[in-house]
Amino acid sequence: MAETGSMKKLRGGEKEPTLIEMSPKTDESSGDGVAVLTGYRMKWLAGEDNNGHGCLPSSATASHLPGIPETLSTRESSCLISSMQGIWRKRVLFLKCRCRIEKRPQSKDSIFFRDGIRRIDFVLSYVDDPTKDGEKKAERRKEFEINLQKAGLELETEGKNESDDGKTYFLKIHSPWDVLATYAEVLKIKVPFKESDIPSDSETPLSWLFKPFKLPPEVMYPEPDYFTSPFEKNKPGFFLIEDKDTVFPPSTRNRIVPILSTEEGKKKLGIKRLLNNGSYTTAFPLHDCRYWKKARDQNCENERFTLYRSWARFMCFYKEQPLNLIRKYYGEKIGIYFAWLGFYTEMLFYAALVGLICFCYGASTYSDNVWSQEICSVDIGGEIVMCPLCDRKCGYWKLNTTCESSFQSHLFDNVGTLFFAMFMGIWVTMFLEFWKRRQARLEYEWDLVDFEEEQQQLQLRPEYETKCTRRRMNPVTQELEPFLPLTSKCARFCLSGATVVFWIALIIACIIAVIAYRLAVYAAFASIMKENQTQDLQLVGSLITPQLATSVTASCLNFVVIMILNILYERVAIWITDMEIPKTHLEYENRLTMKMFLFQFVNYYSSCFYVAFFKGKFVGYPGNYTYMFGVLRNEECDPGGCLIELTTQLLIVMAGKQIWGNIQEALVPWLKNWWGSRKARNHPEGLYTRWEQDHDLQCLGQLGLFYEYLEMVIQFGFITLFVASFPLAPLLALCNNILEVRVDAWKFTTQFRRPVAAKAHSIGAWQEILNGVAILSVVTNAFIVAFTSDMIPRLVYYYAYHPGTENSMEGYINSSLSIFSIPQFKPHNMPEDGESPSWFNSSIITSCRYRDYRYPPGHEKEYEHTMQFWHVLAAKMAFIIIMEHVVFMVKFFVAWMIPDVPNDVKARVKREKYLTQEYLHNYEIEMLKKQLGENSSSSTDRHEVLSEVI
């Protein structure tokens, strides 16, 4: 917009010598408020506001008030308004708002410049800084914006008086065609050159069954299927370009702007550096509309609205995901995350189904297991006196008091457990192999076949350049670049490693503290619950035992400790990763990934490892118990086994984490946005601008997807490492993930600013982590079945030690319990007076039973392990070796049988490369013929002119 003469003078620092008098008449639309503006206008034209301070206007677009001359621009009128006080300021602000609504033809809820033509590709915001650094920030901003304009970008500024808070400036950036075309060629962005002639997959005969789960084709496939080729600016006729404004989607446009904003020159004024030093407060691309309704502008794609309606609502939980639209709107990196999460959820359905069948098998044979019947029998379990489970505070007890827990243990500890453990070892391989195929298909469909890590990921981090003061010559670019000396790098790595080891040791210390809690409170629970005092509790009273009460409370305490350590270590991990000064963003993310996963692996799984592989394994026997720290006696497993305690631990930690995670993901950003936009949420559309709406949303951050992946990978560990103890874990994970997909979709669509699109052809380092967890899961499940479950001892008894001629489980309980002579108890092991139940008579009952395979008192090998113990141990080791080898063989065979890339994808890639070469060859020939034709025609014209002259 052209500047007026007065504006030019004011911009040059001169005061206008004349005063423009305003008419004292009152406008019909403005009332009598405008007449009072004259005095303020006179002061302002002298270059002063109401307080005598300088007030210089800018060349912003006019937004006039009724009765104010047309020579006033937005900055002029805003400065005039800011100088007013009291009721007149409120009156003029009201008139200004009404003018914006009634007289401005274009809505402020728009993704275009004021001309309504040029699209806003990126937005920067900043505020005035009254401190000394404010001038430096302003200079940096000015130089940065000049550099952007030199690069060909077009800028438009919204003054702070146009913003809702009256403090924030917004710089809108538009990338014209020439800039987009240039950098599209540099980044090798693929553009369609021919519509695909490969027929789509034909529908299966039962496709109608899946129709309720399908989305409309226009949502699933927002763009036709094309053959694409890397864009070349000098060959526009080769590509299918109907409209230059739409050939590159918004996700591509907003990816190019930050690349143009990287550091150049000696002053290093890149956008990331300017964000770090506070010159700009935020930088983000715009959502295309409000999520709950379409934009008024017909040129707006309304993709955010479509995503919300068809994807981000929980009522769509049974629908497929519009992956192509997600990729188009958010970019490939976010698209690949949701593709992986959706595929993982689909595969969980099969694991959950088999796990549910195994659980139903255990429930159907609930009352048929002989060993539980023997425990509950008055004649067998009611006559077996068990040795005290703790020193001094625990008395003797009868085996039939564990009747309920024995039956509960059978729900998970049965033959189905063995089958399910082997099935999950194969399932995890199928999941990883089929995901590779799905990923390969997405790579082709999303033009990532020849993908290379782009500049955004491989460029030097601003922190690296700032902290690395030394320079050396790059042999490739022949330019000086910063580097970190080897001695400094080693020192930083050593400090980082020591910090990680310290925190892992802290986790182990916390686990030991929880174990000490279990040992200490068990005696208390046993003392409180003696004589069946819990029978007074309705419904659950008969189910509560000292073992169960100890296990549940310890699991809850452990979960609280886990969450606290997570919060603390997250900050520590980021700090030590920053201290290492990784060179690129990709390197930074990979290092943080390994640190966080290693810590969370130990944090979440250590308590489950303790219950599965250590509890009850190093107890000793009556008269010779082992103690922790020489004080606390190691706890024993329930006569029904430790598997039910592992199930309880897994259920509490896994379910608690999922519930807490979903609440935190959904509630925290919603509360922050609600509080941040509380003043502006009721503004009409014409006043609450699109950039202000997005500015009030939460920022996803560079590590936004990192935490999403981490959450899912930890869950993957729960359902694979310990699934033999809890077949319903995949079902629990499936229910969580159905909700997780929609919570994440809702969060991305409604609560976060639109992130800068980024390319990614895989899930990155997480793929290797999943492979490692999958291999480890085979080992852990084999050990759980062998050492935590009672499956192997039962099978050994059934085939080798059963009485009689026919295989039977009768007598198993008696065979699995050893005998100890009560008079041989040491004084500190004996129960205190009054701790034993009233039915116990020491003169009649001279022995007690304990869980082990040892010779009875009076035997020549008294209290040594029997031959049955060694047979059981040999069977356990043999089972581990056989199961691991069988599962690994099947895993490798399945991985070998299933190719990573589907055959049809290979054919499509080859055909696309062939067509690209053929079409490029034909195009160049046509252009050459055209050029030769023009040259020959111009030569003929010259000959004709010469002949006429002659």
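Residues numbered from 1 in each chain as written. Predicted model: local features only at pLDDT ≥ 70, side-chain atom pairs only at ≥ 80, totals over all residues. Heavy atoms only, no water.

**Q** What's the story with the overall build of the protein chain in this structure? I'm lost.
**A** When helices and strands are counted, the protein chain shows 29 helices and 16 strands. Considering only intrachain contacts with a sequence separation of at least 6, the fraction spanning at least 24 residues in the protein chain is 78%. When the accessible area of the protein chain is evaluated, it comes to approximately 46000 Å², of which 59% is carbon and sulfur surface. (Helix = DSSP H or I, 4+ residues; strand = E, 2+ residues; numbered from the N terminus. Contact = heavy atoms within 4.5 Å. Areas by Shrake-Rupley, 256 points an atom, 1.4 Å probe, with all protein chains shown as cover.)

**Q** Just to check I follow, could you spell out the state of the cysteines for this structure?
**A** Disulfide: a covalent bond formed between the sulfur atoms of two cysteine residues. Taken as a whole and assessed by the stated rule, the structure comprises three disulfides. Here Cys376 engages in a disulfide with Cys403; their sulfurs sit 1.7 Å apart. Disulfide Cys376-Cys403: torsion about the S-S bond near 100°, hence right-handed. Highlighted residues: Cys376 in helix α13 (residues 370-376) and Cys403 in helix α14 (residues 403-410), separated in sequence by 27 residues. A relative accessible area of 23% places Cys376 in the partly exposed class. In this model Cys390 forms its disulfide with Cys394; the gap between the sulfur atoms is 1.6 Å. As the torsion about the S-S bond is roughly 95°, the Cys390-Cys394 disulfide counts as right-handed. No disulfide involves Cys494; its sulfur sits 6.5 Å from the nearest other cysteine sulfur, which is in Cys490. (Disulfide = S-S within 2.5 Å. Buried < 20%, exposed > 50% of the residue type's maximum accessible area, 1.4 Å probe, protein only.)

**Q** Please clarify how the side chain of Arg753 should be interpreted in this entry.
**A** Note on placement: Arg753 falls in the loop between α24 (729-751) and α25 (765-788). With no salt bridge to any partner, buried Arg753 finds its closest opposite charge in Asp696, at an N-O distance of 7.2 Å. (Lys, Arg positive; Asp, Glu negative; His and termini not counted. Salt bridge = Lys/Arg side-chain N within 4 Å of Asp/Glu carboxyl O.)

**Q** Teacher, can you tell me more about the environment of Ile714 here?
**A** With respect to the element layout, Ile714 can be found in helix α23 (residues 704-721). We classify Ile714 as buried; its relative accessible area is 0%. Once the C-alpha coordinates of Ile714 and Leu770 are considered, the two residues, 56 residues apart in sequence, prove to be 9.7 Å apart.

**Q** Is there a simple way to explain the UniProt feature "transmembrane region" (unreviewed entry) in the protein chain in this structure?
**A** In this structure's numbering, the residues bearing the UniProt feature "transmembrane region" (unreviewed entry) are residues 337-364, 415-435, 500-528, 548-569, 596-614, 712-734, 769-789 and 877-898. Secondary structure content for residues 415-435 is 100% helix and 0% strand, while the C-alpha to C-alpha distance between its ends is 30 Å. Between the first and last C-alpha atoms of residues 548-569 the distance is 31 Å; the span itself is 100% helix and 0% strand. (UniProt positions renumbered as here; feature names shortened; annotations may be inferred.)

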